[in-house]
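Listed here are the chains, written in short residue letters.
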Amino acid sequence: MDLLQRFTHGEIDAFETLVRQFQGDIYAWTVRIVRDPSVAEDLTVETLWRVYRARHRFRPDGNFGGWARRIATNLAIDHLRRNRPGQSFLAEPRGVPQPDPVVQRETQERIQQAFRRLPAKLQVAATLALIEELPYDEIASALGTSAGAVKLRVFRAVRILRKRLSQAGIRPERKNMRTTT
Amino acid sequence: MTEHDDRQIRDALKQSIPPVHTELRRDLWPEVLRKLDARQVVVPWYDWALVGLSAVMFLVFPRLVLVFAYHL
């Protein structure tokens, strides 16, 4: 009996082998989404626990890594939904045009917060596509959707971000983000 | 929305959101195992036998329910 079959039968040794083989991949994927190593570790443990619990639903001829990654993605999305940032920070646009390092940092923080306030599914698609620059097919597979749907989510995320940043007087430019009146 | 717009947003995000280290720093298996142990409630066979025996006794001698309730 091969490893995946033994896993579906609940053999803990087989599961341990799979954990050691895939934990790095699941963690790497999760940390890219949640951007926090300790949260990513917790979510990886939770993912692996859920993987074991759902072992009966796994087909031994299937792709274990892809299946685990989908579970991890769903958990990460749930985490982002539960941990939305608080009140809007964009109420008071600043009117300082100079690229002052302090202003620059504040602007970056505002962009971060605007990003975190995106709906979780859009945020995940945008994180993986725009920041991590992963292929749309890979993202689609992990999200259990099509590449076209991922592109649409990224498009919507960019549109929302642009609107919110514009409302806050932030004009994103390459190398130099400006804050305008 | 143009590709130029997308690139601007992408660059702004890349500048604002720091890269993450994707290497796992420790083995998570012990924690997974702890979680499995903690959440798996294993009821031994003799407990089930006791429950079954009690149920039979209550059916045969219904008044035993009162005695049992008194001792709870």
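None of the values given here were measured: they were computed from a predicted structure.

Here is what the cut-offs are and how they apply
- Note on numbering: residues in each chain are counted from 1, in written sequence order.
- Chains carry letters from A onward and ligands carry numbers from 1 onward, assigned in written order.
- The predicted nature of this model means local features are confined to residues of pLDDT at least 70 and side-chain atom pairs, given and counted, to a pLDDT of 80 or more, with totals for whole chains, interfaces and linings taken over all residues.
- We count a stretch as a helix when DSSP gives it H or I for four or more residues in a row; a strand needs E for two or more, and each element gets its number in order from the N terminus.
- Here exposure depends only on C-beta density: within 10 Å of a residue's C-beta, 20 or more other C-beta atoms make it buried, 12 or fewer make it exposed, and intermediate numbers make it partly exposed, the C-beta atoms being placed from the backbone.
- By the convention adopted here, residues are in contact when the distance between their C-beta atoms, placed from the backbone, does not exceed 7 Å.
- Only Asp, Glu, Lys and Arg are considered charged, only Ala, Val, Leu, Ile, Met, Phe, Trp, Tyr, Cys and Pro nonpolar, and every remaining residue, Gly among them, polar.
- A fitted line through C-alpha atoms serves as each axis, taken over the contacting stretch for helices, and the angle formed by two N-to-C directions is quoted from 0 to 180°.
- Between 65 and 115 degrees an angle is taken as roughly perpendicular, under 35 as roughly parallel, over 145 as roughly antiparallel, and anywhere else as oblique.
- Note on convention: near helix rotated counterclockwise from far helix by under a right angle means a left-handed crossing. Clockwise means right-handed.
- Any set of buried Ala, Val, Leu, Ile, Met, Phe, Trp, Tyr and Cys residues joined through C-beta atoms within 7 Å is what this text calls a nonpolar core.
- Where each domain begins and ends follows an automated or database-derived domain assignment.

A.B. asks: Any chance you could explain the overall build of chain A here in plain terms?
C.D. replies: Secondary structure assignment for chain A yields eight helices and two strands. From first element to last, N terminus to C terminus, chain A shows the α and β order α-α-α-α-α-α-α-α-β-β. Residues counted as buried form 33% of the 181 residues belonging to chain A. In chain A, once contacts between residues fewer than 6 apart in sequence are set aside, the share between residues at least 24 apart is 66%.

A.B. asks: Any chance you could explain the overall build of chain B here in plain terms?
C.D. replies: Within chain B, the regular secondary structure consists of four helices and zero strands. Listing the helices and strands of chain B from first to last along the sequence gives α-α-α-α.

A.B. asks: Would you take a moment to explain unusual backbone geometry for this structure?
C.D. replies: With the exception of glycine, most residues fall at negative phi, and the peptide bonds are largely trans. All names here are of chain A. Positive phi outside glycine occurs at R35, with the angle close to 60°. Structurally, the position occupied by R35 is in the loop between helix 2 (12-34) and helix 3 (37-53). Judged by the 19 C-beta atoms lying within 10 Å of it, R35 falls in the partly exposed class. The phi torsion at E133 lies on the positive side, around 55°, for a residue other than glycine. On the secondary structure map, E133 appears in the loop between helix 6 (120-131) and helix 7 (136-143).

A.B. asks: Any chance you could explain the interface of chain B and chain A here in plain terms?
C.D. replies: The parts lose accessible area when they come together, and the size of an interface is often stated as this lost area. Tallying the contact residues gives 23 residues for chain B and 32 residues for chain A. Of all the elements in the fold, those that place two or more residues in the side of chain B that touches chain A are helix 1 (3-16) and helix 2 (29-39) of chain B. Among the elements that line the side of chain B that touches chain A, the one with the most residues is helix 1 of chain B, at 11 residues. The residue makeup of the side of chain B that touches chain A, split by class, is 11 nonpolar, five polar and seven charged.

A.B. asks: What is the right way to look at the packing of helix 2 of chain A against helix 3 of chain A in this model?
C.D. replies: A packed helix pair is summarised by two numbers, namely the angle formed by the two axes and the spacing between the axes. All names here are of chain A. Helix 3 packs onto helix 2 with a crossing angle of 135° between their chain directions and a minimal axis gap of 8 Å. With respect to helix 3, the element helix 2 is oriented oblique. Regarding helix 2 and helix 3, the two cross each other, and that crossing is right-handed. Counting all contacts with helix 2, which are made through F15, V19, Q23, I26, Y27, T30, V31 and V34, the residues of helix 3 involved are P37, V39, A40, E41, L43, T44, T47, L48 and Y52.

A.B. asks: Explain the nonpolar core here, please?
C.D. replies: Nonpolar side chains tend toward joint burial in soluble globular proteins. Judged by nonpolar contacts, the single largest core of 48 residues is most densely connected at A76(A), A125(A), A126(A), A129(A), V154(A), A157(A) and L161(A). Of all the elements in the fold, those that place two or more residues in this core are helix 2, helix 3, helix 4 (64-82), helix 5 (101-116), helix 6, helix 7 and helix 8 (147-167) of chain A together with helix 1 of chain B. The element best represented in this core is helix 2 of chain A, accounting for 10 residues. Split by domain, this core shows at least three residues from each of two domains, domain 1 (3-82) and domain 2 (101-179) of chain A. Apart from residues no more than four positions distant in its own chain, A125(A) is found in contact with I139(A), V150(A), R153(A), V154(A) and A157(A).

A.B. asks: What is the right way to read the domain arrangement of chain A from this model?
C.D. replies: Residues and elements named next belong to chain A. In terms of domain boundaries, chain A breaks down into domain 1 (3-82) and domain 2 (101-179). Listed by contribution, the elements that provide at least two residues to the side of domain 1 that touches domain 2 are helix 2 and helix 4. It is helix 4 that provides the largest number of residues to the side of domain 1 that touches domain 2, a total of eight residues. Class assignment for the residues of the side of domain 1 that touches domain 2 results in five nonpolar, two polar and four charged.

A.B. asks: So what exactly am I meant to see when it comes to the packing of helix 4 of chain A against helix 6 of chain A here?
C.D. replies: Residues and elements named next belong to chain A. Where helix 4 meets helix 6, the axes come as close as 9 Å, and the angle between the chain directions of the two elements is 120°. It follows from the interaxial angle that helix 4 and helix 6 lie oblique. Crossing of helix 4 against helix 6: the hand is right-handed. Facing helix 4, whose interface residues are T73, A76, I77, L80 and R81, helix 6 presents A120, K121, Q123 and V124. Taken together, the residues of the contact of helix 4 with helix 6 break down into five nonpolar, two polar and two charged.

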